[in-house]
Amino acid sequence: MLTNPSQIIIRNSDEFAGKNVLIINYESDDLANQCLEVAKQVTALALDFNHHLTLSPHQKSHLRCYFGHQLPDEAANDKFDCVIVYFPKAKPLAEYLFTLAANHLVDEGEILIVGENKGGIKSVAKLLPQFFTPAIKIDNARHCLLYRAFLTQTPPILDINNWVSQYPLSTPQGDIVICNLVGVFSEKKLDQGTELLLSNLAGLSGRTLDFGCGAGVITVALLKQYPQLDIECVDINAMALASCQLTLAANNMQAKVYPSDGFNQVEGAFDSIISNPPFHDGLDSTFAIANDFVKQSAQRLHKNGVWQIVANRHLPYADNIANTFGNVNISAENNKYKVYLQTN
């Protein structure tokens, strides 16, 4: 089943018939595979690891699937007749994606930009860089818009360092440096939940997992307090993972950083699992993911291992924690957050 933005792309498949196509920031469907019915060849770059896992089983000689904030070295110099960009939820990421697209377009190559009406797509005319022609709306269907433009000038070479916001951050463990790429949430100050967690850390040692690492705030703070920790950082978002790697380098620290859909790509057991989990919106589907996170965590802890998370106090974690660990231990709380500390 195609998402609404993908359906509007298929409606306009004559735009890329017979062409070599790159699709950037695609959604959780097999649109790229279906494009092969008219396209000469398709390359797909996912910024969401779950979306990559959805498409990658369809990979074949004329369909290449990648995950990351840019194409890997093997495809870094590839050029395409047409690039399709799914407009991102975070507007600051849009110009980055447009510049990435331009770097992979042939001269006078075509860019197609698709997005939902409620997702900010109407601002594309203001956000599209000047090395493209003005964006022209070519379709409006299924609550989505599709725009077309053409590359008219040589774009600047994409240097990831030009898209990073670097700033100092005070934590209970001391001052650290954060590197935040466009599209990764950041307030340029320590959020209250993470501060409560870091102010009430259990004693940690050994192999540690930072689940949903984001830009690496928790990992770097942990390494500042416990430099001997063997930390693994996982996230589903390519920009977050790249930010975490840059943050580690800026603080002269090391950790293993890699994508994982839940615990599916994580191997073995841990002495500790620490997280400010990315489950905040209160939807039933999100609660299901959060509950699975609790159960999976317990299965991935060594005996006497430490599981410590911070969560909005209104989220119903307690019952599932009790069912999973046998008890509920709240080690710290304020009027907005609770820190749960469990041992296996």
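Residues numbered from 1 in each chain as written. Predicted model: local features only at pLDDT ≥ 70, side-chain atom pairs only at ≥ 80, totals over all residues. Heavy atoms only, no water.

Labelled according to an unreviewed UniProt entry, the protein chain appears under the name Ribosomal RNA small subunit methyltransferase C, originating from Shewanella gaetbuli. According to its UniProt record, the protein chain has this under Subcellular location (unreviewed entry): "Cytoplasm". You can read under Sequence similarities (unreviewed entry) in the UniProt record for the protein chain the words "Belongs to the methyltransferase superfamily. RsmC family." (UniProt positions renumbered as here; feature names shortened; annotations may be inferred.)

A. Structural view of unusual backbone geometry. The phi angle at N25 is positive, at roughly 65°, despite the residue not being glycine. With respect to the helices and strands, N25 occurs in the loop between β1 (20–24) and α2 (31–35). The phi angle at E108 is positive, at roughly 65°, despite the residue not being glycine. Along the chain, E108 falls in strand β5 (residues 105–116). The exposure class assigned to E108 is exposed, which follows from its relative accessible area of 65%. (Helix = DSSP H or I, 4+ residues; strand = E, 2+ residues; numbered from the N terminus. Buried < 20%, exposed > 50% of the residue type's maximum accessible area, 1.4 Å probe, protein only.)

B. Region of the structure containing the layout of surface pockets. Estimates place the volume of the second largest pocket at around 210 Å³. Contributing to the lining of the second largest pocket are Q70, L71, D73, A76, N77, K79, L100, N103, H104, I157 and L158. Of the residues assigned to the lining of the second largest pocket, the class counts are five nonpolar, four polar and two charged. (1 Å grid on protein atoms, 1.4 Å probe; cavity = no way out; pocket = protein on both sides within 12 Å on 5 of 7 lines; lining within 4 Å. Points joined across faces, edges and corners; volume = space filled by probe spheres on them. Nonpolar A, V, L, I, M, F, W, Y, C, P; charged D, E, K, R; others polar.)

C. The pattern of salt bridges, seen in detail. Following the criterion strictly, the structure yields seven salt bridges and no others. In this structure, the salt-bridge partner of R11 is D139, at a minimum N-O distance of 3.0 Å. You can see R11 sitting in helix α1 (residues 4–11) and its partner D139 sitting in strand β6 (residues 136–141), a full 128 residues away along the chain. Given the relative accessible area of 12%, D139 is considered buried. The salt bridge partner of E110 is K19, with a shortest N-O separation of 3.0 Å. Residue E110 is found in strand β5, and its partner K19 is found in the loop between α1 and β1; the two are separated by 91 residues along the sequence. (Salt bridge = Lys/Arg side-chain N within 4 Å of Asp/Glu carboxyl O.)

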